[in-house]
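Below are the chains, spelled out letter by letter.
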Amino acid sequence: MSAPVAVRGGLARYVVAATLARTADGGAVVAVVLMVSMSGRPGWLAGLLGASITAPHLAGPFVARRLDTARDGRTVIVLACVVHGATLAAAVLLYPVTPPLVPALLLIASGVVGPLLTGGISSRLPAIAGPGLVSQRRAQGWDVATYGIGGTIGPSLVAAVAAWWSPSVAALLLAGATFAAAGLVWLLPYAPPAGSPGAVPGPVRVLRLVVGSGPLRRTLYLTTSVSLGLAVLPVTAVAATGVLGVGHAAAGILTAAYGLGGLAGSAVLMIRPQRGAADGLMTRLAAVVAVALTSAALLPGFPVTVIVYAVAGFVNSFFFAATLAARSEYSPPEYRGQVFVWIGALKISAGSAGTALAGVVVGVSPHVPPAAAATLIAVSATVSLLDRRCSPRPGRSPRVATAAGVPGVRPDPGG
């Protein structure tokens, strides 16, 4: 009886640690932009310092190899949390008294380790979620919830604290959250390294191996296309208020509906985990996301659009859980951590590109960004279907992949 209790305790600590870390990572850019804007400095400086903490996420894979080579991967994530919190706090405290270059450099350092707070922490989940495919998939539902809280509720809390006190206080609270996350990560169950450092490939070779693996390749381009596509929704929400005949403040209702839909989806996943091969699930769910975005492009009245945004968030939680399962089940243990960080970093970059592109084309019509996003995702889903059918070797089933890819995991009877 002691083993299941230990697993549950480890998962509970994981959920709290991941929520704290991802809230800090997701809210930091909001806090920084508000800090600059409310200090009366120009908008370009707010954008520059905001980009200083988001753009370096793409460098994350080049520091992630330590996840797979360290004797204890927890130490790598703990160090990343400490660096993220310390540099964020230092940037905020030094911003009023130093040239902007100083906080910019500190925020770059914070951004470089950001992917270790997202994909890096997720790479620890297979070893602590407990044996069995269903237990792994249920834990991934919890993981999706931590991302939802960090990416949706986190920035909202930052905005509230900034309004009540100041953006600097909000940023310092986020820094404190990363320190707390570091302590909880250290209390996660220990997992031995999957292999010797010499057997772990470097980041560039890992990316080539991902592209060369059918299931991981499909995970990569489906994840990035869906991330880019869904990133247009907040921009569209603001622009669509005029077409829908509501005030600009109603855009917040649409984005909140998307976030709440995502949290509802993760709650369902905790109760009823997904079954079936992650490879096929991703394709089918990406197609459903494309349908939701097509509905959003129609803008069929404000109440219905709120429902469409909530459905998009709900379906995205299922899609995201399937991509987490794919990363876990199809990645060789020797470089699983790097796969998580690579795909996570490219997902964030794709989301940023989607937001920027939506801002460029939304002036033509608020119908254009979601329609273009739906087309992109539909094409990616079609390519994925053809890719899988033409592949000389189909992706492994979740039973085989889980048993082979995650040490100590066994397939569930009848699962």
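Residues numbered from 1 in each chain as written. Predicted model: local features only at pLDDT ≥ 70, side-chain atom pairs only at ≥ 80, totals over all residues. Heavy atoms only, no water.

**Describing the overall build of the protein**
What counts here: To qualify as a helix, a DSSP run of H or I must reach at least 4 residues; to qualify as a strand, a run of E must reach at least 2; elements of each kind are numbered from the N terminus. Residue exposure (1.4 Å probe, protein chains only): buried if accessible area is under 20% of the type maximum, exposed if over 50%, otherwise partly exposed. A 1.4 Å probe and the Shrake-Rupley method give the accessible areas. Residues count as covered only by the protein chains that appear here.
Across its full length, the protein carries 18 helices and zero strands. Expressed along its principal axes, the backbone C-alpha trace of the protein runs to roughly 55 × 50 × 40 Å. Here the protein holds 415 residues, and 53% of them are scored as buried. Surface accessibility of the protein: about 16600 Å² in total, with carbon and sulfur atoms responsible for 73%.

**Brief notes about unusual backbone geometry**
Here the phi dihedral of L299 falls at roughly 50°; this positive angle occurs in a residue that is not glycine. In this structure, L299 sits in the loop between α14 (278-298) and α15 (302-330). With relative accessibility at 9%, the residue L299 sits in the buried group.

**Here's the deal with helix α11 (residues 214-230)**
The condition that has to hold: Here, expected helix span is obtained from the residue count minus one, scaled by 1.5 Å.
Between its first and last C-alpha, α11 extends 24 Å over 17 residues, near the 24 Å set by a 1.5 Å rise per residue. Most of α11 is tucked away, with 14 of its 17 residues classed as buried.

**A few points about the environment of A378**
With respect to the helices and strands, A378 occurs in helix α17 (residues 368-390). In this structure A378 comes out as partly exposed when scored by relative accessible area, which is 32%. The spatial distance from the C-alpha of A378 to the C-alpha of I348 is 20 Å, given a sequence separation of 30 residues.

**Focus: the packing of aromatic side chains**
The following threshold applies: Planes of paired rings set the category: under 30 degrees apart is stacked, over 60 is edge-to-face and the rest tilted, where pairs are Phe, Tyr or Trp rings (Trp by its six-membered ring) whose centres lie within 6.5 Å.
On inspection of all chains with the given rule, the structure shows four aromatic pairs. Considering the side-chain rings of Y147 and F320, the 4.8 Å spacing of their centres and the 75° angle between planes classify their relative orientation as edge-to-face. Linking Y147 in helix α8 (residues 133-164) with F320 in helix α15, this pair joins segments that are 173 residues apart in sequence. The residues Y147 and F320 share a single accessibility class, namely buried.

**Notes on the packing of helix α12 (residues 232-244) against helix α13 (residues 250-271)**
Note the cut-off: The angle between two axes is taken between their N-to-C directions and runs from 0 to 180 degrees, where each axis is a line fitted to C-alpha atoms and a helix contributes only its stretch in contact. These descriptions rest on fixed angle ranges, namely under 35 degrees for roughly parallel, over 145 for roughly antiparallel, 65 to 115 for roughly perpendicular, and the rest for oblique. Should the near helix be turned anticlockwise from the far one by less than a right angle, the crossing is left-handed, and should it be turned clockwise, the crossing is right-handed. The criterion used for residue contact is that any of the two residues' heavy atoms lie within 4.5 Å. Only Asp, Glu, Lys and Arg are considered charged, only Ala, Val, Leu, Ile, Met, Phe, Trp, Tyr, Cys and Pro nonpolar, and every remaining residue, Gly among them, polar.
Relative to each other, α12 and α13 sit at 135°, their axes nearing to 8 Å. It follows from the interaxial angle that α12 and α13 lie oblique. Remark: the crossing between α12 and α13 carries right-handed chirality. In contact with L233, P234, A237, V238, T241 and L244 of α12, α13 contributes A250, A251, L254, T255 and Y258. When the residues that make up the contact of α12 with α13 are grouped by side-chain class, the tally is nine nonpolar, two polar and no charged.

**Examining the side chain of S52**
Applied cut-off: For the purposes of these results, a polar contact is taken to be a pair of N or O atoms within 3.5 Å, where, inside protein, one atom must be able to donate a hydrogen and its partner to accept one; residues adjacent in sequence count only when each atom of the pair is a side-chain atom.
Within the fold, S52 resides in helix α2 (residues 43-54). Given the relative accessible area of 8%, S52 is considered buried. Here L48 takes part through its backbone oxygen, which lies 2.9 Å from a polar atom of the side chain of S52.

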